[in-house]
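Okay, here's what each chain looks like letter by letter:
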Amino acid sequence: MTDTPNKKSLARRQFLFDSARMACGVGMLGLGLGLYAKQSKALPALALRPPGALPEADFLGACIRCGLCVRDCPYNILELAKPEAPVATGTPYFTARQIPCEMCDDIPCIKACPTQALDHQLTDINKAKMGLAVLIDHETCLNFLGLRCDVCYRVCPAIDKAITLDLQPNPRTGRHAMFLPTVHSEFCTGCGKCEKSCVLEEAAIRILPSKLAKGELGHHYRVGWDEQKKAGHSLIDETKMIDLPDRLPEGSSLPGHYDPASGHTTTARGLPGSEAGAIPSLPPGLGGKP
Amino acid sequence: MSQIAQKPRIGSEAIKAKGWWRAQRWLILRRLSQFSILALFLLGPLAGIWLVKGNLNYSLTLGTLPLSDPYVALQSLLTGHVPEKLGLIGVFIVLVFYALVGGRVYCSWVCPVNLVTDAAGWLRDRLGIKGSVHLGRQTRYWILAMTLVGSALSGVVLWELINPVSMLHRGLIFGLGTAWTVVMAVFLFDLFVMSRGWCGRLCPVGAFYGLLGHFSPLRVTAKQRQACNDCMDCFEVCPEPQVIRPALKGEGKGIGPVILAPSCTNCGRCIDVCAKEVFRFGLRFDNPPSTAGKAESKVE
């Protein structure tokens, strides 16, 4: 009668002990795996996901590593990460400098995906955001040296939208223009054609994850001139604006400059493209309605 | 070494009694199944004949039949992501299939790591390597639980980060890279550290499929158990020998002859090596009604 409860309690002790042993051992394995999982979310900057890929943290949960996107890519740009790659094992990626995305109209990689890892809502490849081209080195880019390379601009599938050539005077020669390739994030899909075709040993233009490439305004931040345009008028009472007098060398004048001390405005040269119109420095509200 | 020479090989008695084919039949069919599945996957990348695309995690056959690994899908689900329609259909087909034929049929008839661990087991036997680190067979269920909880917590399909099964299969089809080191590690682990260590104690994929086939109708049964001559060949050859004892030796305790333990892989090797033809494939309902209430073993 007495040894049955005793046996029971011994068995219970054994069970608890075994469970604790397992929980601790496997828990340690889990901890290691968890830390590895955290590391794996840090996708290297030059590894790009296929179009429509969810943000990396979500992608690693949604992607089941089947490789159907790799198979259905007609240009074979994608590969599944091998264990030694610094990309989560088995997930698809491409490296723009080796082979860029051809931006197929029908986006077969997304169609092939059996999960939402590649967003099936994305049907217009021009809206893809695989990353963002950044002209990362202004010292070696041939156009910045004053030459006319223009290759990144010419190969861009969204030429004159995603990459434009921005004309600047060349201060070195004093008489030429520099055609600076300028990326516009609104239109850049991150396909990587520019990076692939950059003629330098190391590309001066590279596709970076948007997270790395873009700044972000404070969410409370409002750009005054945009708000003014939206509202159709100035957002402040401009009659109460105080403009402090500018101190200029005697006898000199700035074209278009309003001097509250004298109440006079110097005649301006019209500056093309200026939103302020003919009189750039006239304070808002004093020169008529915006 | 002399001991090895004297000891008759496992199954040699069966070859004498039943002939070469019937003493190896299930093993050969199983290898055929493993290699043909691999060949089907390899036909695309090697020969450009795309009957099957993908890998064991998810595949599309002839552009119409989707098959998904429910364990990977479950981990993905726990991170908060639901597969697309084809992915879900694939999960459903696979669930139904293994629920019927036995979950661990995946392990013995499909999984490429089985070739590796069987090779390690065979070599261990041939080299006469004795001694093995002890680790409970329930460890795999703990690892399974850990990967599921871990996936939910980390938001990453956790086991896929290191899963040797998918690394090997994917590696063979999409490029191996250094995945061979992981496979080699599993081989050496089974050979030197722990007998039947990987598949029998650690692998959560096998654990998952075992649970999936918990109530599968297709089972091995020791129908002619009274003919057993205690040669122990079945125990020697079985990757999960603990599943045999209750069915084979449980007559006195009123336990039925059907091997009901979910960790039985339905590999059929015991059927092969038994000279007395004790075992055969059957249904779980083959147990006589008198033994129906008897649970033969806990989940192991």
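Within each chain, residue numbers correspond to sequence positions counted from 1 in written order. Here the convention is simple: chains get letters from A, ligands get numbers from 1, in the order in which they are written. It should be noted that, the model being predicted, local features are given only for residues of pLDDT at least 70 and side-chain atom pairs only at 80 or more, the latter also being counted only at that level, while totals for whole chains, interfaces and linings use all residues. As a convention, hydrogens and water are excluded, and side-chain values are obtained from all of the structure's heavy atoms.

Q: Sorry, what's going on with the sheet that holds strand β1 (residues 52-55) of chain B here?
A: Pairing between sheet strands relies on hydrogen bonds along the backbone, with the strands arranged either parallel or antiparallel. All names here are of chain B. Two strands qualify as a pair provided that DSSP identifies no fewer than 2 bridges between them. Per the convention used, a helix needs a DSSP run of H or I reaching at least four residues, while a strand needs a run of E reaching at least two, with both numbered from the N terminus. Pairing within the open sheet is antiparallel, and its three strands lie in the order β1-β2-β3. Of all the strands in the sheet, the pair left with one neighbour each is β1 and β3 (65-68). When the angles between neighbouring strand axes are averaged without regard to direction, this sheet yields 10 degrees. Across four bridges, the pairing between strand β2 (residues 58-61) and β3 is antiparallel. In the sheet register, serine 59 faces β3, and the bridge partner there is leucine 67. Only C-alpha atoms enter the line fits that serve as axes; for helices the fit covers just the stretch in contact. Angles between N-to-C directions range over 0 to 180 degrees.

Q: Please explain the pairing of β1 of chain B as it appears in this structure.
A: Where a strand is regular, its side chains alternate between the two sheet faces. All names here are of chain B. Note: β1 against β2, four bridges, orientation antiparallel. Bridge pairing in β2 places asparagine 55 opposite tyrosine 58. Connecting β1 to the next strand, β2, in antiparallel fashion are two residues.

Q: Is there a simple way to think about the layout of surface pockets in this case?
A: In this approach a probe as big as a water molecule rolls over the atoms, and the regions it shows empty are the leftover space. Residue and element names in this part refer to chain B. Cavities and pockets were defined on a 1 Å grid built over protein atoms only: a cavity is a set of grid points that admits a 1.4 Å probe from which the probe cannot escape, a pocket is an open set flanked by protein on both sides within 12 Å along at least five of seven lines, and lining residues are those with an atom within 4 Å of any such point. Grid points are joined across faces, edges and corners, and a volume is the space filled by probe spheres set on the points. Considered as a void within the structure, the largest pocket measures approximately 940 Å³ in volume. In terms of lining, the largest pocket is formed by 35 residues, of which the most central are Ile10, Gly121, Arg196, Glu236 and Val237. Put simply, the parts of the chain that give the lining of the largest pocket at least two residues each are α3 (25-47), α7 (113-126), α13 (233-237) and α15 (269-273). Broken down by element, the residue count for the lining of the largest pocket peaks at six residues, all from α7. Any residue outside Ala, Val, Leu, Ile, Met, Phe, Trp, Tyr, Cys, Pro, Asp, Glu, Lys and Arg is labelled polar, Gly included; the first ten of those are nonpolar and the last four are charged. Its residues assigned to classes, the lining of the largest pocket comprises 13 nonpolar, nine polar and 13 charged.

Q: How should the packing of helix α4 (residues 70-78) of chain B against helix α12 (residues 204-212) of chain B be read in this particular structure?
A: When two helices pack together, their arrangement is captured by the angle between the axes and the distance separating the axes. Residues and elements named next belong to chain B. Orientation of α4 relative to α12, taken along the N-to-C sense of each, is 100 degrees, at an axis distance of 10 Å. Judged by the inter-axis angle, α4 sits roughly perpendicular to α12. Across from Pro70, Tyr71 and Leu74 in α4, the residues of α12 making contact are Pro204, Val205, Phe208, Tyr209 and Leu212. These descriptions rest on fixed angle ranges, namely under 35 degrees for roughly parallel, over 145 for roughly antiparallel, 65 to 115 for roughly perpendicular, and the rest for oblique. Whether two residues are in contact is decided by their heavy atoms: any pair within 4.5 Å suffices.

Q: Any chance you could explain the interface of chain A and chain B here in plain terms?
A: It is common to give the size of an interface as the accessible area lost on bringing the parts into contact. Opposite the 38 residues of chain A that make contact, chain B presents 41 residues. Carbon and sulfur atoms supply 70% of the area buried between chain A and chain B, which totals about 3200 Å² over both sides. Summed over the three residues of chain A that lose the most area to chain B, namely Met22, Leu33 and Arg71 of chain A, the buried surface amounts to 20% of that side. For salt bridges, the criterion is a side-chain nitrogen of Lys or Arg within 4 Å of an Asp or Glu carboxyl oxygen. Put simply, chain A and chain B have one salt bridge between them. Defined here as a combined quantity, buried area equals the accessible surface (1.4 Å probe) lost by two parts on assembly, summed across both.

Q: I tried to follow the confidence of the model for chain A on my own but got confused; where do I start?
A: Detailed conclusions should not be drawn from predicted coordinates in areas where pLDDT is low. Residues and elements named next belong to chain A. Predictor confidence is given residue by residue as pLDDT, running from a minimum of 0 to a maximum of 100. Across chain A, the average pLDDT comes to 86, with 86% of residues at or above 70. The least confident element of chain A is strand β8 (residues 258-259), whose mean pLDDT is 66; the most confident is helix α6 (residues 193-197), at 96. Every residue in residues 270-281 scores below 50 in pLDDT, and together they form 12 contacts with partners more than four places removed in sequence or on other chains.

Q: Just to check I follow, could you spell out the sheet that holds strand β3 (residues 92-95) of chain A for this structure?
A: Residue and element names in this part refer to chain A. Strand order in this open sheet of three strands is β1-β3-β2, and the pairing throughout is antiparallel. Each edge of the sheet is formed by a strand with only one pairing partner; in this case those strands are β1 (47-48) and β2 (79-80). In this sheet, β3 lies alongside β1 in antiparallel orientation, the contact comprising two bridges. Across the sheet, leucine 48 pairs through a bridge with phenylalanine 94, a residue of β3.

Q: Would you mind going over α7 of chain B with me for this structure?
A: One turn of an α-helix holds 3.6 residues; hence residues three or four places apart share an orientation. All names here are of chain B. Relative to the 20 Å expected for 14 residues at 1.5 Å per residue, α7 spans 20 Å between its end C-alpha atoms, a close match to the ideal helical length. Partly exposed describes any residue whose relative accessible area lies between the buried limit of under 20% and the exposed limit of over 50%, with all areas from a 1.4 Å probe on protein chains only and scaled to the type maximum. Where α7 is concerned, the buried positions are Val113, Asn114, Val116, Thr117, Asp118, Ala120 and Arg124. Those residues of α7 hidden inside the fold are in contact with α3, α6 (105-110), α9 (164-174), α10 (179-193) and α11 (197-202). Here, expected helix span is obtained from the residue count minus one, scaled by 1.5 Å.

Q: Even after reading the chapter, I still don't get the packing of aromatic side chains, so can you show me in this structure?
A: Each pair of aromatic rings is reported with the distance of its centres and the angle of its planes. Residues and elements named next belong to chain B. Stacked, edge-to-face and tilted labels apply to pairs of Phe, Tyr and Trp rings (six-membered ring for Trp) whose centres lie within 6.5 Å, assigned for plane angles under 30 degrees, over 60, and everything in between, in that order. Counted by the stated rule, this structure contains nine aromatic pairs over all chains. On the basis of an interplanar angle of 80 degrees and a centroid distance of 5.2 Å, the ring pair of tyrosine 98 and tyrosine 209 is categorised as edge-to-face. Linking tyrosine 98 in helix α5 (residues 85-101) with tyrosine 209 in helix α12, this pair joins segments that are 111 residues apart in sequence. The same class applies to tyrosine 98 as to tyrosine 209, namely buried. For the ring pair tyrosine 106 and tyrosine 209, a centre distance of 4.2 Å and an interplane angle of 5 degrees mean the geometry is stacked. Taken together, the residues span a long stretch of sequence, with tyrosine 106 in helix α6 and tyrosine 209 in helix α12 at a distance of 103 residues.

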